[in-house]
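Listed below, chain by chain, are the residues.
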Number of protein chains: 2
Amino acid sequence: MRVQNANPLEDVGIDAIEFYFPRNYVDQADLEQFGGVSSGKHTIGLGQQEMGFCADNEDIVSISRTVTRNLLKNYKISPDTIGFLAVGTETLIDKSKSVKTALMDLFGSNTDIEGVDIKNACYGGAQALLHAIDWVHVNYAAEKRSAIVVIADIAVYEAGPARCTGGAGAIAFLIRPNSAVPIDRVFASCHMKNTWDFYKPISSNVSEYPRVDGSLSLASYLEAARTSYTTFKTKAAKIADVEVTLNFFDAIFLHSPFTKMVQKGLAVMNYVDVNNNLKNSKNGLNENDRADMAKMVELSNNLWKRTTDPYLTFNRRIGNMYTPSLFAQLLAFLASDDCISENNEEKNILFFAYGSGLASAVFPGRVRQTESLSAMRKTSIQALQRLDERKKYSAEEFTEVLSMRERFLAKDVPTEPESLSPSLEISLFPETCYLEHMDSSYRRKYAIFEEVAQNGISNGNGNGH
Amino acid sequence: MRVQNANPLEDVGIDAIEFYFPRNYVDQADLEQFGGVSSGKHTIGLGQQEMGFCADNEDIVSISRTVTRNLLKNYKISPDTIGFLAVGTETLIDKSKSVKTALMDLFGSNTDIEGVDIKNACYGGAQALLHAIDWVHVNYAAEKRSAIVVIADIAVYEAGPARCTGGAGAIAFLIRPNSAVPIDRVFASCHMKNTWDFYKPISSNVSEYPRVDGSLSLASYLEAARTSYTTFKTKAAKIADVEVTLNFFDAIFLHSPFTKMVQKGLAVMNYVDVNNNLKNSKNGLNENDRADMAKMVELSNNLWKRTTDPYLTFNRRIGNMYTPSLFAQLLAFLASDDCISENNEEKNILFFAYGSGLASAVFPGRVRQTESLSAMRKTSIQALQRLDERKKYSAEEFTEVLSMRERFLAKDVPTEPESLSPSLEISLFPETCYLEHMDSSYRRKYAIFEEVAQNGISNGNGNGH
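Residues numbered from 1 in each chain as written. Chains lettered and ligands numbered in written order. Predicted model: local features only at pLDDT ≥ 70, side-chain atom pairs only at ≥ 80, totals over all residues. Heavy atoms only, no water.

As recorded in an unreviewed UniProt entry, chain A goes by the name Hydroxymethylglutaryl-CoA synthase, listed as coming from Caenorhabditis angaria. One UniProt comment on chain A, placed under Catalytic activity (unreviewed entry), says "acetoacetyl-CoA + acetyl-CoA + H2O = (3S)-3-hydroxy-3-methylglutaryl-CoA + CoA + H(+)". (UniProt positions renumbered as here; feature names shortened; annotations may be inferred.)

Structure follows, in structure tokens:
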């Protein structure tokens, strides 16, 4: 029982985009003051301005449902046209049941949708995207059905120096042929290694917080950037006979734990190009040396300003969203006029995905001047505007909300999120799915917050589950 | 930056197989007596003979390492020829770091290996296989590299009626074109639904044990079998213009929580064929009615005896291995002479994958009379023989081992597995990776048990990590 593969598909990639981030945020300068650290430590040292956060009425299922529901609705996608859906996340609330299953309620009678959850720290989203692209290449011809990828996380850290590097967000992509943003995935070049730089052991200590070896994590990120980009250059030469450098790309996106890390990562990738031109000079710069890194950053300064720095707005103002952090940069690029070509030419883009543990990949894509690009640009511009519609909380209030999340996880069941109390006024954007109840068997029930009522979130209804 | 896809590949599928199961087992008749239930409840009622189990010195990483190491070694696979590796499992010990990263130590300088972990109950292994097949279709032409899929779980239940439905195992597949067992994956037909039949919430209660709604779980399995098989028939007609029935297949494999469930699942799938022939008679049988199910089982009796029952040996004697339970039946088929064709003809096989939560798929494959088939048959026959080389434990000893696993999870760190104490004599097969130590940061360290020493596992060394 077999079928011959049809003709190869062209330009398989991203053809619709949706982005959700929480309405709540805290100012990084406030966090500096609250934490008693030197002024500028977060804002200049890490390059972060603000940080988004979720109260205990949002979890990985609720934010994934919100973004998937909005993708279907805003792009008028019929559920019957979808044949694959995978979720890339490390925000686990269940060790067995996938987040994907909780999205099936949105697809009506179409239950023939392949794919489950993909996990490895911040890298899982990139892998879910690559799986979806492969799925479309192999399976699209038979039934002309598209794929959806959901990339979502809520990143929280225990009190201390790492807490300011949290964030939260969810991105959904529609994947199909002849797309506005094709991914040329055969060039994907990985660096995968058994590393304990960041992990979340399931142990006697029940916690959302990771265990982090800070210096190993930073060194691993740079090693991954260097190695996967070097492999990418070799692969491009081997497969396509192209000698590629970063100058080839109009925009370069790197996983962003904080934006200063992105600058260093780009500097290291750029130095691979430089060092190669210098015929692998023996007196090369060392990425783990402070002074050498400063030189590398200087060498990459023009590249940084042209290809990467302009597209870090979401990352600076929402923080580390884990899996979506890389792809939020694509939205910022699409929101800018830089993605438009007067001559109808394609723009070349490059992604560096990194997840501690560790898993990483460099892969290229293109932006084509299609009709769907306009729709994706509209979504991206609206998301940028929505940053200013958020509600600012003090560092004290933010800290109390994280304590609330800790209490929720430790509670006996049945229980409700504390933040549902109207007096607490933890806000949600309209059309946001939220956690309403956890029953005596830890089954979670969700609702949709339709509109902003006068007193907190009293206006939810039960349609969301 | 792009390449034109090369010519379609032929016969992408499984071309090497390795199977690991624990050396420890308990007799189901002993468990009946120990639990004070009626004689025959497990052995006749569930169709189970024995159950494998792991002590606290084995975890998902150790069994995945064991089976991957043996695959590379026994089939003389050069690590440089691998471009993809994914792990399908629900035995989570970390919410962020993938099991896949812990396998990278086995691949030397080749760190360019895409893929991470895939999760949804027992279905994750089937999805990892489908991802790997897609990966080979799309990416093989560029670099001629193959994929590996690791499918592994340790299934344990709290004391009570469900405990006898545990088990443990790990299977590794090599995936490449022109394989002995091609998977014709475009016919994959899913049934995906948001269901709380079985799940493992991360909550105040730290446990390896799932929460199970027994009757919902059984009904969900049958609904999934019926729906995904019905969709499969429709899809085969649509894509290949073939009116397919179960009679077309030489062997049919179904996910096995216990073998009586498989019999019922096959009966329901068969009844889809029967009912279709009867032109959807209004007086149809109901899968949730006890008497109707008995009739369905009777109707499928010949099919059961020919295509499914003969290949459930591993399932009867090891128990529910979660993700590998489906694929252990392929090994039993390969160990039998039924997979051999005198006329060099292909054998047709069918898979039904099920994972609670829920995710399920029906997909077809073939067995081709290739050289690699002989090697896979040898592995499968050796695995069958290894069932008799296991060590039998009493129901009391088995119960103490599960308490030991509970204690391990709740322990303060640093710590060592209790079962490493020689006096306890918890046995391992030679060449098995085991957990040696968990340090103060919950980092796990592994070793290889090279040979059976006289007193327990004193002969380990440090080469395994």
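Let's shift gears to the overall build of chain A. Helix and strand counts for chain A come out as 13 helices and 18 strands. On C-alpha atoms alone, chain A measures out to a radius of gyration of 22 Å, which is about the 23 Å that the 2.2 N^0.38 rule sets for 465 residues. The proportion of buried residues among the 465 residues of chain A is 65%. In chain A, 74% of the contacts between residues at least 6 apart in sequence involve partners at least 24 apart. As presented, chain A carries roughly 16000 Å² of accessible surface, and 45% of it is formed by carbon and sulfur atoms. (Helix = DSSP H or I, 4+ residues; strand = E, 2+ residues; numbered from the N terminus. Rg over C-alpha atoms; globule rule 2.2 N^0.38 Å. Buried < 20%, exposed > 50% of the residue type's maximum accessible area, 1.4 Å probe, protein only. Contact = heavy atoms within 4.5 Å. Areas by Shrake-Rupley, 256 points an atom, 1.4 Å probe, with all protein chains shown as cover.)

For the rest of this paragraph, the subject is the UniProt feature "active site" (unreviewed entry) in chain A. Mapped onto this numbering, the UniProt entry gives "active site" (unreviewed entry) at Glu90(A), Cys122(A) and His255(A). Mapping Glu90(A) onto the fold places it in the loop between strand 4 (82-88) and helix 4 (99-103). For Glu90(A), a relative accessible area of 1% corresponds to the buried category. Other than its neighbours up to four places away in sequence, Glu90(A) contacts Ala121(A), Cys122(A), Asp153(A), Phe198(A), Lys200(A), Tyr322(A), Lys95(B) and Ser96(B). Mapped onto the elements of the fold, Cys122(A) is located in the loop between strand 5 (117-119) and helix 5 (124-143). Given the relative accessible area of 10%, Cys122(A) is considered buried. Not counting chain neighbours up to four residues away, the residues in contact with Cys122(A) comprise Glu90(A), His255(A), Tyr322(A), Thr323(A), Tyr354(A) and Gly355(A).

Here the focus is the relation of the copies chain A and chain B. Placing chain A over chain B gives an RMSD of 0.0 Å and needs a rotation angle of 180°, together with 0.0 Å of translation along the axis. Given the turn and translation reported, the copies of this chain are related as if by a two-fold rotation axis. Residue Ile118(A) of chain A places its C-alpha closer to the rotation axis than any other residue of that unit, at 2.4 Å. When the interface residues of chain A are mapped onto chain B, 99% of them again lie at the interface, so the same face is used by both copies. (Least-squares fit on C-alpha atoms with pLDDT ≥ 70 in both.)

All names here are of chain A. Taken together, three strands build an open sheet; the order of strands is 3-2-15 and the sheet is mixed. In this open sheet, the two edge strands, each paired with only one partner strand, are strand 3 (50-53) and strand 15 (391-393). The sheet shows a mean angle of 40° between the axes of neighbouring strands, taken without regard to direction. Pairing analysis gives three bridges linking strand 2 (residues 24-27) to strand 15, with the strands arranged parallel. Of the residues in strand 15, the one forming a bridge with Val26 is Tyr393. Contacts from helix 1 (residues 28-35) reach strand 2, strand 3 and strand 15 within the one sheet, and its direction differs from that of strand 2 by about 60°. Helix 13 (residues 395-410) rests against strand 2, strand 3 and strand 15 of the sheet, and its axis sits at about 35° to strand 3. (Pairing = 2+ DSSP bridges. Axes fitted to C-alpha atoms, helices over the stretch in contact; angles between N-to-C directions.)

What follows is about the packing of helix 7 (residues 259-277) of chain A against helix 8 (residues 290-299) of chain A. Residue and element names in this part refer to chain A. For the pair helix 7 and helix 8, interaxial distance at closest approach is 8 Å and the crossing angle is 80°. Here helix 8 runs roughly perpendicular to helix 7, going by the angle between their axes. For the pair helix 7 and helix 8, the contacting residues are Gln263, Lys264, Ala267, Val268, Asn270, Tyr271 and Val274 in the first and Met293, Met296, Val297 and Leu299 in the second. Of the residues belonging to the contact of helix 7 with helix 8, the class tally is eight nonpolar, two polar and one charged. (Parallel < 35°, antiparallel > 145°, perpendicular 65-115°, else oblique. Nonpolar A, V, L, I, M, F, W, Y, C, P; charged D, E, K, R; others polar.)

So, about unusual backbone geometry. Looking along the chain, the bond that leaves Gly357(B) and enters Leu358(B) is cis, with omega of -5°. Along the polypeptide, Leu358(B) turns up in the loop between strand 13 (347-355) and strand 14 (359-367). The residue Tyr442(A) is not glycine, and still its phi comes out positive at about 65°. Looking at the element boundaries, Tyr442(A) is found in the loop between strand 16 (432-438) and strand 17 (444-449). Taking the relative accessible area as the measure of exposure, Tyr442(A) reaches 8% and is therefore buried. Phi is positive for Ala121(B), which is not a glycine, with a value near 45°. In this structure, Ala121(B) sits in the loop between strand 5 (117-119) and helix 5 (124-143). We classify Ala121(B) as buried; its relative accessible area is 1%.

On to the packing of helix 7 of chain A against helix 9 (residues 301-308) of chain A. A pair of packed helices is captured by two measures, namely the crossing angle of their axes and the spacing between those axes. Residues and elements named next belong to chain A. Direction vectors running N to C along helix 7 and helix 9 enclose 120°, while the axes themselves pass 10 Å from each other. On the basis of the axis angle, helix 7 is oblique to helix 9. In this structure, helix 7 crosses over helix 9, and the sense of that crossing is right-handed. Taking contact as the criterion, the partners of Thr259, Val262, Gln263, Leu266 and Asn270 in helix 7 are, on helix 9, Leu303, Trp304, Thr307 and Thr308. Classifying every residue of the contact of helix 7 with helix 9 by side-chain character gives four nonpolar, five polar and no charged. (Left-handed = near helix turned anticlockwise from the far one by under 90°.)

What follows concerns the environment of Tyr25(B). All names here are of chain B. In this structure, Tyr25 sits in strand 2 (residues 24-27). Of the residues examined, Tyr25 reaches a relative accessible area of 12% and is grouped as buried. Through-space distance from the C-alpha of Tyr25 to that of Leu129 is 28 Å; in sequence the pair is 104 residues apart. Those residues within four positions of Tyr25 in sequence are excluded, and the remaining contacts are Glu50, Met51, Gly52, Phe53, Arg390, Lys391, Lys392 and Tyr393.

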